[in-house]
Amino acid sequence: MVFIITLIFGPLLSFSQSLDQNLSFYIQQMNLRPLSSPPPKREALYQLGLRLFYDRQLSGNENISCHSCHSLTGFSGDTLPLAVGEGAEGLASLRTQSAGMLIPRHTPPLYNLGLEGIKNFFWDGRVSFHLQGGWQTPEDGLNGPNPELKSMAQTLDSLLAAQALFPMASPEEMLGKGSKLTRLEAWENIMTRLLNGRLGASYRRFFKEAFPNTENFNIAHAANAIAELERHHFLGNNTLWDIYLQGKKTILSDRMKRGAVIFLSKGSCTNCHSGDHFSSFGFQNIGIPQIGPGLKNQDDLGRMEVTQAETHKYRFRVSPLRNIGLTAPYMHSGVFKNMWEVIDHYNHPMRSLHHFKWDENHVSYNEPLILDQRPETMSERTKNLASNLPRNLNLQVEEKIDLYCFLMVALTDLRNQKDLFTKGVLDEITDCSPRI
Ligand code: HEC
Ligand code: HEC
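Residues numbered from 1 in each chain as written. Chains lettered and ligands numbered in written order. Predicted model: local features only at pLDDT ≥ 70, side-chain atom pairs only at ≥ 80, totals over all residues. Heavy atoms only, no water.

(A) Up close: the coordination of the iron atom of ligand 1. In this structure the iron atom of ligand 1 is ligated by exactly one protein donor, His 70 (NE2), at 2.1 Å. With respect to the secondary-structure elements, His 70 resides in the loop between α3 (66-69) and β1 (120-121). (Donors = N, O, S within 2.8 Å, 3.2 Å for Na, K, Ca; no water. Helix = DSSP H or I, 4+ residues; strand = E, 2+ residues; numbered from the N terminus.)

Structure (structure tokens):
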């Protein structure tokens, strides 16, 4: 009897175990570790951040907050291909352009951005650490080891806080279309509204509690509070993958393990999605179709917009991938509706770029989102394609499903597993139910 059971289940067990052995080889080779946790929550700072993140007073016309685009129902995004700015209405699937302007890029998710290992922000990385120390941002006065706006720059407690300054000073996003204010003026106006406006008394108390040793508050104090909120509010560091890395080998199904092996080997995903966050935080051109207004001339040059270097044309930041199952659509232009489309793209990037089909009319927008198919830009995009991007992965149907299950389920936080079903992105047919 025992013999028969071993005969039947033995190969199964050893199959799963050999998957684990295979995986642990790659995990060791790439030195992959579970994500860290954020430092302990500073409660008063967090409470201030919570108010600011939802407060429309941060915008010039008091009609949009951070949460309008990075909403909870949208899992820290807006569920749209391209964002829509001040004057737009609604949240997540109910968000419509209304009187808002099209923003050239997709709203990225905010998960884990306050954890160790994050090196830059925005699709083109324009907020990062300065090579000589200090910050590197679109505002020269804040940059480098001896910044002109010294008290502001010195108050900022993290790169995440530095990032938070910029949506508020962007005319299309929050400041107000056509506004001629400088960034500094915009930031000063916001602080005046907060501290002396209709909620002034309560804000003065919250700021005082968050910064007991400070008399004069500037926008960097507000930014630190927003960063503290983001750090603790948008966490996806307890995914099945993280738990697997901690040693609980049964948390992943065999399908997810096979998907992980594809991600780490045949798929070459870790050529770019390397390290604990699954991002090198470098910039690559992976041939993503371009839609909408773009930054200029209906195009988006990506990293080249920041560095002006021709070799950076069409390169975008390699995205971190935790909780990616919750945050469709994907890429800087939001062109891929779901993970199947992402996988099909990587399977054969050239074919995907050149045969991309796009419905210009989307219920959320007043204007069509035109797909760029100009021969000159298409050939540039193809010519500059990353050399470490495989041209033909030749993934079989079963391999695509394995990879899908790894990305969608194994990389989703335990706290959000049920959301994959309520969102309707997973069903029984796909058969990647986790084993919890
Ligand atoms: C109009 C919609 C909108 C609003 C309002 C908005 N954002 Fe964003 N956010 C975006 C878009 C679009 C991007 C990407 C822009 C780019 O890369 O050029 C972005 C990028 C970010 C990023 C970078 C994420 C990463 O991984 O690189 C962070 C962090 C962020 N926003 C936080 C905030 C905060 C904090 C606020 C409020 C002060 C805010 N956003 C307001 C749409 C919005
Ligand atoms: C050559 C570098 C490179 C390789 C190889 C690569 N990626 Fe990417 N990945 C990127 C870049 C760059 C982006 C952002 C591109 C953009 O938005 O234009 C991205 C974006 C993504 C996104 C969307 C993230 C979001 O929030 O929208 C997913 C999902 C993804 N990659 C998964 C994979 C998988 C799975 C593989 C392996 C099959 C892979 N990547 C291989 C560089 C790479």
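On we go.
(B) Here's a closer look at the site of ligand 1. The full set close to ligand 1 counts 28 residues, and Cys 66, Cys 69, His 70, Phe 122 and Arg 317 are the nearest of them. The side chain of Arg 105 places a nitrogen or oxygen atom 2.9 Å from an oxygen atom of ligand 1. Between Phe 122 and ligand 1, the recorded distance is 2.6 Å, taken from a backbone N or O atom to an oxygen atom. A majority-of-atoms criterion places ligand 1 in the largest pocket. Contributions of two or more residues to the shell around ligand 1 are made by α3, α5 (159-168), α6 (171-175) and α9 (219-233). A per-element tally of the shell around ligand 1 places α5 first, with four residues. Classifying every residue of the shell around ligand 1 by side-chain character gives 17 nonpolar, six polar and five charged. (Near = heavy atom within 4 Å. Polar contact = N/O pair within 3.5 Å; in protein donor to acceptor, adjacent residues only side chain to side chain. 1 Å grid on protein atoms, 1.4 Å probe; cavity = no way out; pocket = protein on both sides within 12 Å on 5 of 7 lines; lining within 4 Å. Sits in = over half its atoms within 2 Å of the grid points. Nonpolar A, V, L, I, M, F, W, Y, C, P; charged D, E, K, R; others polar.)

(C) View of the sheet that holds strand β2 (residues 127-129). Strands sit in the order β1-β2-β3 across an open sheet of three strands; the sheet is antiparallel. Two strands close off the open sheet at either side, each with one partner strand: β1 and β3 (135-136). Bridge analysis of β2 against β3 gives two bridges, and the strand direction is antiparallel. Residue pairing across strands places Ser 128 opposite Gln 136, the latter belonging to β3. On top of the sheet, α5 reaches β1, β2 and β3; it is set at about 155 degrees to β2, its chief contact. (Pairing = 2+ DSSP bridges. Contact = heavy atoms within 4.5 Å. Axes fitted to C-alpha atoms, helices over the stretch in contact; angles between N-to-C directions.)

(D) The coordination of the iron atom of ligand 2, seen in detail. All of the protein donors around the iron atom of ligand 2 are His 273 (NE2) and Tyr 346 (OH); their distances to the metal are 1.9 to 2.0 Å. One way to put it: the six donor atoms around the iron atom of ligand 2 meet at angles of 87 to 179 degrees, and that makes the site octahedral. Residue His 273 is found in the loop between α11 (254-264) and β4 (283-284), and its partner Tyr 346 is found in helix α13 (residues 339-347); the two are separated by 73 residues along the sequence. The exposure class of His 273 is buried, given its relative accessible area of 11%. (Tetrahedral: all angles 85-135°; square planar, octahedral: opposite > 155°, others 65-115°. Buried < 20%, exposed > 50% of the residue type's maximum accessible area, 1.4 Å probe, protein only.)

(E) Molecular detail of the packing of aromatic side chains. Applying the stated criterion across every chain yields a total of 18 aromatic pairs. On the basis of an interplanar angle of 70 degrees and a centroid distance of 5.2 Å, the ring pair of Phe 25 and Tyr 26 is categorised as edge-to-face. Given the relative accessible area of 46%, Phe 25 is considered partly exposed. Its relative accessible area of 17% is what places Tyr 26 among the buried residues. (Phe/Tyr/Trp six-rings, centres within 6.5 Å; stacked < 30°, edge-to-face > 60°.)

(F) Fine view of the layout of surface pockets. Here the largest pocket defines a volume of roughly 1,100 Å³. The wall of the largest pocket is formed by 46 residues, among which Phe 122, Arg 126, Pro 167, Ser 170 and Glu 173 lie closest to the centre. Counting residues per element, the ones that place at least two in the lining of the largest pocket are α3, α5, α6, α9 and α12 (304-307). Per element, the largest residue contribution to the lining of the largest pocket is five residues, and it comes from α5. By volume, the second largest pocket is sized at about 360 Å³. (Points joined across faces, edges and corners; volume = space filled by probe spheres on them.)

(G) Structural detail: the site of ligand 2. Among the 26 residues in the neighbourhood of ligand 2, the closest are listed as Cys 269, Cys 272, His 273, His 332 and Tyr 346. Residue His 273 places a side-chain N or O atom 2.8 Å away from a nitrogen atom belonging to ligand 2. Residue Tyr 346 places a side-chain N or O atom 2.7 Å away from a nitrogen atom belonging to ligand 2. Most atoms of ligand 2, that is more than half of them, are within 2 Å of grid points of the largest cavity. Elements with a minimum of two residues in the shell around ligand 2: β5 (316-317) and α13. For the shell around ligand 2, the element with the most residues is α13, which contributes three residues. Residues that form the shell around ligand 2 fall into these classes: 18 nonpolar, seven polar and one charged.

(H) Examining the domain arrangement of the chain more closely. Here the domain parsing of the chain yields domain 1 (43-70 + 110-233) and domain 2 (240-422). Computed from C-alpha coordinates alone, the two centres of domain 1 and domain 2 are separated by 29 Å. On the domain 2 side, the residues contacting the 14 residues of domain 1 number 16 residues. Of the roughly 1,300 Å² buried where domain 1 meets domain 2, counting both sides, 58% is carbon and sulfur surface. Sorting the residues of domain 1 by area buried against domain 2 places Tyr 111, Trp 123 and Asp 124 first, and these three jointly supply 51% of that buried surface. Here domain 1 and domain 2 share zero salt bridges between them. Inspection of the region where domain 1 meets domain 2 yields six residue pairs in polar contact (both at pLDDT 80 or more). Across the side of domain 1 that touches domain 2, the residue classes tally to six nonpolar, four polar and four charged. (Domains from an automatic or database assignment. Buried area = accessible area lost by both parts, 1.4 Å probe. Salt bridge = Lys/Arg side-chain N within 4 Å of Asp/Glu carboxyl O.)

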